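# Residue-level structural notes
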Amino acid sequence: MFKSLQTRILLYSLLIASVPLLILGIISYGSQRSLLEKEAKNALNAGSLNIVNETYSYLNERISDVKLMSANSAIINPGRSKEEKSDELKKFIDAKENYYGVLHLDMEGNVIADTSNKMIGDNLAKRIWFKEATEGHEFLSDVYNTRAFPEPIIALSAPVYDHAGKMIGVVSTAFRLEGLWEMMEKKADEISDKYPVNFFMINQEGIMISKKDPHGIMQDSTLREMGLTKDKLMEASLSDDLYSAENGEKIYSIKPVHTIAQTENKWFVVVGADKKQVFQPLNDLLTRYLTIYSIVFVSIILAVYLLTKTLVRPVQELVEATEDFIGGKEFIISDKRSFEEMEKLNLAFLRMMETIEDREKEIVRTEKLKYVGQLAAGVAHEIRNPLTTIKGFFQLLKSQDHDKSLIEKYSDVMLHEVDRVNVFVTQLLDLAKPHQLEWEKIDLKDFLDEIMDTYTPSIPSSHVRIINGMTQSVIVYSDRNRLRQVLLNVLNNACEAIEARGQIELHHDSISQYIRLVISDDGKGISPENLKNIGMPFYTTKPDGNGLGVATCIQIMEELKGKFQIESVPDEGTKVTLTIPTTNRLIK
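Here we summarise the structure given alongside this text. Note that the coordinates shown come from a computational prediction; the quantities given were computed from them, not determined experimentally.

About the cut-offs
Residues numbered from 1 in each chain as written. Predicted model: local features only at pLDDT ≥ 70, side-chain atom pairs only at ≥ 80, totals over all residues. Heavy atoms only, no water. Helix = DSSP H or I, 4+ residues; strand = E, 2+ residues; numbered from the N terminus. Buried < 20%, exposed > 50% of the residue type's maximum accessible area, 1.4 Å probe, protein only. Contact = heavy atoms within 4.5 Å. Areas by Shrake-Rupley, 256 points an atom, 1.4 Å probe, with all protein chains shown as cover. Polar contact = N/O pair within 3.5 Å; in protein donor to acceptor, adjacent residues only side chain to side chain. Salt bridge = Lys/Arg side-chain N within 4 Å of Asp/Glu carboxyl O. Expected span 1.5 Å × (residues − 1). Pairing = 2+ DSSP bridges. Axes fitted to C-alpha atoms, helices over the stretch in contact; angles between N-to-C directions. Parallel < 35°, antiparallel > 145°, perpendicular 65-115°, else oblique. Left-handed = near helix turned anticlockwise from the far one by under 90°. 1 Å grid on protein atoms, 1.4 Å probe; cavity = no way out; pocket = protein on both sides within 12 Å on 5 of 7 lines; lining within 4 Å. Points joined across faces, edges and corners; volume = space filled by probe spheres on them. Patch = residues over 30% accessible without salt bridge, like charges linked within 9 Å, V, L, I, M, F, W, Y side chains within 5 Å. Core = buried A, V, L, I, M, F, W, Y, C linked by side-chain atoms within 4.5 Å. Lys, Arg positive; Asp, Glu negative; His and termini not counted. Charge placed at Lys NZ, Arg CZ, Asp CG, Glu CD. Arc of directions from axis to C-beta. Phe/Tyr/Trp six-rings, centres within 6.5 Å; stacked < 30°, edge-to-face > 60°. Lys NZ or Arg CZ within 6 Å of the ring centre and 35° of its normal.

The helix and strand tally for the chain stands at 15 helices and 18 strands. Burial status across the chain gives 38% buried among its 588 residues. Here the contacts in the chain between residues at least 6 apart in sequence split such that 64% fall between residues at least 24 apart. Per element, the accessible surface of the chain, about 33900 Å² overall, is 54% carbon and sulfur.

Another point: the side chain of Thr574. With respect to the secondary-structure elements, Thr574 resides in strand β18 (residues 573-581). A polar side-chain atom of Thr574 sits 2.9 Å from a polar atom in the side chain of Ser568. When neighbours within four sequence positions are excluded, Thr574 is seen to be in contact with Ile519, Ser520, Asp521, Gly525, Ile526, Ile566, Glu567 and Ser568.

What follows concerns the pattern of salt bridges. Overall, the coordinates contain 13 salt bridges when judged by the stated rule. As a salt-bridge pair, Asp65 and Arg62 come within 3.3 Å of each other at their nearest N and O atoms. Taken together, the residues span about one helical turn, with Asp65 and Arg62 both in helix α1 (residues 5-70) at a distance of three residues. A relative accessible area of 4% places Arg62 in the buried class.

To continue, consider helix α13 (residues 480-497). Its 18 residues place the ends of α13 26 Å apart at the C-alpha level, agreeing with the 26 Å of an ideal helix rising 1.5 Å per residue. Among the residues making up α13, those that are buried are Arg482, Leu483, Arg484, Val486, Leu487, Val490, Leu491, Ala494, Cys495 and Ala497. Two or three places before Asn481, at the opening of α13, Asp479 has a side-chain oxygen 3.1 Å from that residue's backbone nitrogen.

Another aspect to go through is the sheet that holds strand β10 (residues 262-263). Within a beta sheet, neighbouring strands are joined by backbone hydrogen bonds and run either parallel or antiparallel to one another. The strand order β2-β1-β5-β4-β3-β10 describes an open sheet built from six strands, whose pairing is mixed. The open sheet terminates on both sides in strands that have one partner only, identified here as β2 (111-114) and β10. Relative to strand β5 (residues 167-175), strand β4 (residues 153-161) is paired through eight bridges, and the arrangement is antiparallel. Residue Ala158 lies in a different strand from β5, and its bridge partner there is Val171. Running over the sheet, helix α3 (residues 82-95) touches β1 (99-105), β2 and β5 and is turned about 150 degrees from β1.

Between helix α12 (residues 444-455) and α13, the least distance of the axes is 11 Å, while the angle of their chain directions is 50 degrees. Judged by the angle between their axes, α12 and α13 are oblique. The handedness of the crossing between α12 and α13 is right-handed. Taking contact as the criterion, the partners of Phe447, Leu448, Glu450, Ile451, Met452 and Tyr455 in α12 are, on α13, Arg480, Leu483, Arg484, Leu487, Leu488, Leu491, Asn492 and Cys495.

Within the structure shown, the criterion is met by four cavities of 30 Å³ or more. Here the largest cavity defines a volume of roughly 110 Å³. Every residue lining the largest cavity is counted, 15 residues in all, and those nearest its centre are Leu103, Tyr144, Phe149, Ile153 and Ala174.

On the surface, Tyr12, Leu15, Ile16, Val19, Ile23 and Ile27 cluster together to form a nonpolar patch covering roughly 610 Å² of accessible area. Mapped onto the elements, Ile27 comes out in helix α1. Classification of Ile27 by relative accessible area gives exposed; the value is 56%.

Bringing the nonpolar core into the picture now. Core analysis: the largest hydrophobic core is formed by 50 residues, its most contacted members being Phe175, Met184, Ile191, Val197, Met201, Val269 and Val271. Element by element, the count of residues in this core is highest for α1, at eleven residues. Leaving out residues up to four positions away in the same chain, Phe175 has contacts with Tyr58, Leu59, Arg62, Asn98, Tyr99, Tyr100, Leu140, Ile153, Ile154 and Leu156. Listed in part, the 36 residues of the second largest apolar core include Ile442, Val486, Leu487 and Ile504.

Here we take up unusual backbone geometry. A positive phi is found at Asn117, a non-glycine position, where the angle reads about 60 degrees. By secondary structure assignment, the location of Asn117 is in the loop between β2 and α4 (128-134). By relative accessible area, which is 47% here, Asn117 ends up partly exposed. At Lys561, a position not held by glycine, the phi torsion is positive, near 60 degrees.

Below, the discussion takes up a negative patch on the surface. Taken together, the side chains of Glu330, Glu354, Glu357, Asp358 and Glu360 define an acidic patch exposed on the protein surface. Position of Asp358 among the secondary structure elements: in helix α10 (residues 340-399).

The subject of this paragraph is the pairing of strand β3 (residues 139-144). Across the six residues that make up β3, a large majority, five, are buried. Looking at chain direction, β3 and β4 are connected through four bridges and run antiparallel. Residue Val143 lies in a different strand from β4, and its bridge partner there is Ile154. Across two bridges, β3 lies against β10 in parallel orientation. The partner of Leu140 across the bridge, within β10, is Thr263.

Turning our eyes to something else, we now look at α12. For α12, which comprises twelve residues, the first-to-last C-alpha distance of 16 Å matches the rise-based estimate of 16 Å (1.5 Å per residue) to within 8%. Among all positions of α12, only Leu444, Phe447, Leu448, Ile451, Met452 and Tyr455 are buried. Here the buried residues of α12 occupy an arc of 135 degrees about the axis, which is enough to place them on one side. Facing away from the buried surface of α12 by more than 90 degrees, the exposed residues are Asp453 and Thr454. Contact partners of the buried residues in α12: β12 (439-443), β13 (464-468), β14 (475-479), α13, β15 (502-511) and β16 (514-521). Its side-chain oxygen placed 3.1 Å from the backbone nitrogen of Lys445, Asp443 serves as the N-cap of α12.

One pass over the structure, following the stated rule, counts three aromatic pairs. Ring centres of Phe200 and Tyr252 lie 6.5 Å apart, and the angle between their planes is 70 degrees; on these two criteria the pair is classed as edge-to-face. In this pair, Phe200 is assigned in strand β6 (residues 197-203) and Tyr252 in strand β9 (residues 250-257), connecting sequence segments 52 residues apart. A residue is classified by how much of its surface remains accessible, and Phe200, at 4% relative accessible area, is buried. The ring of Tyr58 has Arg62 lying over it, and the distance from NZ or CZ to the ring centre is 4.6 Å.

Quick look at the structure:
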């Protein structure tokens, strides 16, 4: 994988170009996200604080109104009639547009004046806003429904004192939520022009008032929907960090509302925004970045591909020329223009190939002379000994008279020496002269069984046991007689290598288009020094050998499109491996 020069240059170039782009993109994305989070935090916190401040002012104005009403001369005068007090309350309602109505209650909680005339005579002593007012302070209630008004209201109450400073009753107003929402909407519109925000008020019990509904909505599940508890609500309201909803879709700024009056529960202003809309610019940036990155990536691939093609083409041509030279063809460098370094490399390779060719010729010439010298020495040695014997006997016969029996004896010896010369010359010709091969399909199992049947009885060493591990038919393509010659030579050498009792084992394994026949013995083995020279003509370690046996086997196996390999460990044995073709496609 990634072995070619072109692939590696392309890969490294992409890494070098892409990693900085990727790091830059990550940094840019992170900084942009941080900036957007900071902007959202500042906008929502500033917006919620503005709404809180306006709400504070708005509620305090309403509290001031109720305090003013509680000090009205008609209300604090016990001598005024209920009708007069009701008229004063109506005048107040008409002057202020923020109220549904006003109630005046005595100390027992009975309604003695009502602008709507619907609740006169009712006893509201159990209402919390009445109880708080009778304790001497102004009070702001939670949002609740009443039968007197069609919409949820917030009640404000204040104690009423006469001229002597004695508490004589309570005044309570129900103001409209629309005014509060109009003020909050105006401030919410100023928060951000990049994305819409939603807002609502919530108390610590989870009761929410919102203008999503014309009448406002009172819910008791808001805290649960936001993933908040009372403690978390208080904690979030004291922090400048934005609160993320449990489902991760919205972020909120939560701020507490303060008033100069006592309240039934603590109220909070919540300003929220959709995370998708807040981070939409980030998504747009990511899309643009991916588009740019894709364009740059494709451009880099194209540019690097063209560049690597320009760089690699001369190298590929040089490799092809070198492979042609190895295959026996002339080394020819390309005449196409390339970069300077490559042209220098081509010229250097050309000079190197010319030098190699000259040295190869010199080596071949030297090897030929060496081989001829070895051949001459071997031939001279093998022929001179029988000739010397024959010459000696002829001199004996010439120097004196001999009887017929002695002449016959000398003649037998001379004929034996002549036979020795003839066998040697035959082996020499067998090594040098190419044979006309007769290729045929051979079942190697049957072929080995046939050789074992004829060879085993003639084993010169009866202490040698041959184990034929070929138990299944294997088809090979070879010349039967030439392959038999190799096998018999190997078996003879193995038997001669076993001095005491031992065994010769034959087994095989398969490789692509070949079978490997292994003949191993547990004889004395061959030393590393001698193993290096095994196969050289006339090299032998046997007293009566001529050194042509293994050389002939190697020559025959090459003719049979196979291999002859020999391995040996001194005192452990020798292993000969014959590699034989199993398909006629290898035969040319």
